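Remarks on the overall topology
One letter stands for each residue in the lines below.
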Amino acid sequence: MTFVVKKITEESLLEKAFYIREQVFVKEQNVAPEEEYDSFENLATHFLVMDGELGVGTARWRFTKSGIKLERFAVLKAFRGLGVGGMLVKAVLEDVLKNPSSKDKTIYLHGQVTALGLYEKHGFEKVGERFMECDIAHYLMKYRPKG
């Protein structure tokens, strides 16, 4: 397996990202499709991790009134534990940080409880109380760069 992270710029890659989200969120975690897909799809910057021609992981980021939100991190079940999630977090953060419009903005995400360790490894810290989103336990997490 050779994983490559790509910033999505073409429709066919976005379809692969949507397929991954369908498998992980809608089928595996029982998130309603109308909750999973939203009006921000065209505004967000999407990423895809590829293994050859196969899309195995995806994520996106977007500007919000609260700052910059990283979201929709999903890795196909067969590819978990292989570093795909970490590659996504790193690539998305790098893209956000090199964007001039992100300067001085809060970078945050809603981390599922099962993925907190992944986000903490990349500089995110839990803020506040646990909350439910789509019947899944989450924490607000803010990026606190080291140094």
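Placed above this text is the structure.
Keep in mind that what you see is a predicted model, and the values were worked out from it rather than measured. (Residues numbered from 1 in each chain as written. Predicted model: local features only at pLDDT ≥ 70, side-chain atom pairs only at ≥ 80, totals over all residues. Heavy atoms only, no water.)

1. Quick look at the overall build of the protein chain
Counting its regular elements, the protein chain contains four helices and seven strands. Going residue by residue from the N terminus, the α and β elements of the protein chain occur as β-α-α-β-β-β-α-β-α-β-β. Since a compact globule built from 147 residues should have a radius of gyration of about 15 Å, the 14 Å found for the protein chain is in line with a globular shape. Once the C-alpha set of the protein chain is aligned to its principal axes, its extents read approximately 35 × 35 × 30 Å. Taken across its 147 residues, the protein chain has 46% of its residues classed as buried. In the protein chain, of all internal contacts separated by at least 6 residues, the share reaching a separation of at least 24 is 58%. Summing over all exposed atoms, the protein chain offers an accessible surface of approximately 8,300 Å²; the carbon and sulfur share of this is 51%. One finds the centroid of the 22 positive side-chain charges in the protein chain at a distance of 6 Å from the centroid of its 21 negative side-chain charges. (Helix = DSSP H or I, 4+ residues; strand = E, 2+ residues; numbered from the N terminus. Rg over C-alpha atoms; globule rule 2.2 N^0.38 Å. Buried < 20%, exposed > 50% of the residue type's maximum accessible area, 1.4 Å probe, protein only. Contact = heavy atoms within 4.5 Å. Areas by Shrake-Rupley, 256 points an atom, 1.4 Å probe, with all protein chains shown as cover. Lys, Arg positive; Asp, Glu negative; His and termini not counted. Charge placed at Lys NZ, Arg CZ, Asp CG, Glu CD.)

2. So, the pairing of strand 2 (residues 45-51)
For strand 2, a buried count of seven out of seven residues is recorded, marking the element as mostly surrounded by other parts of the structure. Burial of the side chains of strand 2 extends over both faces: Thr45, Phe47, Val49 and Asp51 are buried on one face and His46, Leu48 and Met50 on the other. Bridge analysis of strand 1 (residues 3-7) against strand 2 gives five bridges, and the strand direction is antiparallel. If you follow Val4 over to strand 2, its bridge partner there is Met50. Here strand 2 hands over to strand 3 (residues 54-64) after two residues, with Gly52 in that stretch at a positive phi of 65 degrees. (Pairing = 2+ DSSP bridges.)

3. Structural notes on the pattern of salt bridges
Tallied over the entire structure, the rule returns 15 salt bridges. As a salt-bridge pair, Lys69 and Glu71 come within 3.5 Å of each other at their nearest N and O atoms. Since its relative accessible area comes to 11%, Lys69 is described here as buried. Since its relative accessible area comes to 5%, Glu71 is described here as buried. (Salt bridge = Lys/Arg side-chain N within 4 Å of Asp/Glu carboxyl O.)

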